[in-house]
Amino acid sequence: CKKLIDSCKQYNNNNCNLQRIGFSGGEPFLRLDFICEISKYTVNNDLLFDRLMTNGVWWKTENELTEALQKLYDSGFDGKFGLSYDSFHNQDTSKIYTFMHHVYKIFNCVDCIEILWVCPLFDKEQKKLDKLCSKKFYQIQKKLCKEFGKINLKIFKFNQSFEYNPENKKTSQNSLLSSSFSH
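Residues numbered from 1 in each chain as written. Predicted model: local features only at pLDDT ≥ 70, side-chain atom pairs only at ≥ 80, totals over all residues. Heavy atoms only, no water.

## As for helix 3 (residues 62–74)
Okay, so step 1: Between its terminal C-alpha atoms helix 3 stretches 18 Å, which fits the 18 Å expected from 13 residues at 1.5 Å a residue.
Okay, so step 2: Three or more residues of helix 3 are buried, namely Leu 65, Ala 68, Leu 69 and Leu 72. Looking straight down helix 3, one finds its buried side chains confined to an arc of 95 degrees; they lie on one side.
Okay, so step 3: Against the buried residues of helix 3 lie helix 2 (32–44), strand 2 (48–54), strand 3 (80–86) and helix 4 (93–107).
Okay, so step 4: Downstream of helix 3 by a residue or two, Gly 76 has a phi angle that is positive, lying close to 105 degrees. (Helix = DSSP H or I, 4+ residues; strand = E, 2+ residues; numbered from the N terminus. Expected span 1.5 Å × (residues − 1). Buried < 20%, exposed > 50% of the residue type's maximum accessible area, 1.4 Å probe, protein only. Arc of directions from axis to C-beta. Contact = heavy atoms within 4.5 Å.)

## Details of the pairing of strand 1 (residues 20–23)
Okay, so step 1: Alternating residues of strand 1 divide into Ile 21 and Phe 23, all buried, and Arg 20 and Gly 22, none buried.
Okay, so step 2: Pairing of strand 1 with strand 2, which is carried by three bridges, proceeds in the parallel orientation. Within the sheet, the bridge partner assigned to Arg 20 lies in strand 2 and is Leu 48. (Pairing = 2+ DSSP bridges.)

## Quick word on the packing of helix 3 against helix 4
Okay, so step 1: Between helix 3 and helix 4, whose axes approach to 10 Å, the crossing angle comes to 35 degrees. Where helix 3 crosses over helix 4, the handedness of that crossing is right-handed. Across from Glu 62, Leu 65, Thr 66, Leu 69, Gln 70, Leu 72 and Tyr 73 in helix 3, the residues of helix 4 making contact are Thr 98, Phe 99, His 102, Val 103, Ile 106 and Phe 107.
Okay, so step 2: Counted by class, the contact of helix 3 with helix 4 contains eight nonpolar, four polar and one charged residues. (Axes fitted to C-alpha atoms, helices over the stretch in contact; angles between N-to-C directions. Left-handed = near helix turned anticlockwise from the far one by under 90°. Nonpolar A, V, L, I, M, F, W, Y, C, P; charged D, E, K, R; others polar.)

## Here we look at the confidence of the model for the chain
Okay, so step 1: The predicted model of the chain averages 78 in pLDDT, with 72% of residues at 70 or higher.
Okay, so step 2: Averaged pLDDT values for the elements of the chain fall to 46 in strand 6 (residues 170–182) and rise to 98 in helix 3.
Okay, so step 3: Confidence drops under a pLDDT of 50 for residues 168–181, and excluding neighbours within four residues, the segment shows 42 contacts in the predicted structure. (pLDDT = per-residue confidence, 0-100.)

## Describing the nonpolar core
Okay, so step 1: By size, the foremost hydrophobic cluster in this structure holds 42 residues, and its most contacted members are Phe 29, Phe 81, Phe 99, Met 100 and Ile 115.
Okay, so step 2: Residues within four places of Phe 99 in sequence aside, it is in contact with Phe 29, Thr 54, Gly 56, Trp 58, Trp 59, Leu 65, Leu 69, Phe 81 and Leu 83. (Core = buried A, V, L, I, M, F, W, Y, C linked by side-chain atoms within 4.5 Å.)

## Concerning the packing of helix 2 against helix 3
Okay, so step 1: It is the contact of helix 2 with helix 3, at a shortest axis distance of 8 Å, that shows an interaxial angle of 20 degrees. In terms of orientation, helix 2 and helix 3 fall into the roughly parallel class. Contacts between helix 2 and helix 3 involve Leu 32, Ile 35, Cys 36 and Ser 39 from the first element and Ala 68, Lys 71 and Leu 72 from the second.
Okay, so step 2: Residues belonging to the contact of helix 2 with helix 3 are distributed by class as follows: five nonpolar, one polar and one charged. (Parallel < 35°, antiparallel > 145°, perpendicular 65-115°, else oblique.)

The structure is reproduced here in structure tokens:
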């Protein structure tokens with residue numbers, strides 16, 4: 001990865017214009033040593049950060065969460081956290097809240113979290129779940145605002161529907177709904 005950054009930096013000198021580094025996965029926090037090392041290297045090479053995608057629930061204890069976020073902060077990472085929320089991960093919203101709380105506390109940034117939320121629209125039960133999750137996110141945001149004052153939480157909501165082609169192969173279609181909350 002360092003070689004890639006070095007070659008990109010070399011290309012930047014030739015107007016390639018790479019400016020940002022991001023992390024996605026699997027779950028990047030499962031390789032905290034790697035993301036911290038690359039974060040330090042990125043800072044030392046005058047590049048910026050984009051987003052670190054996470055499911056937000058990889059940690060087992062709050063102490064593990066706090067230590068990991070602090071190490072990442074200390075390594076120089078100052079990008080956004082993209083919180084992936086969907087029925088596949090089936091995250092506990094109390095763990096989502098705890099993750100967000102610690103991110104805001106350690107990074108001290110009002111707009112460091114974006115939620116990327118995939119909502120399948122199969123039937124009435126899924127729509128009820130979608131409505132319940134919307135309510136839970138509103139409650140999380142309200143609670144965080146009381147604790148930290150102003151936060152700017154962006155939620156990018158993808159409504160996913162499926163259709164079948166003539167050969168009975170499943171294909172998906174997504175539509176994006178975006179909202180931003182600020183208190």
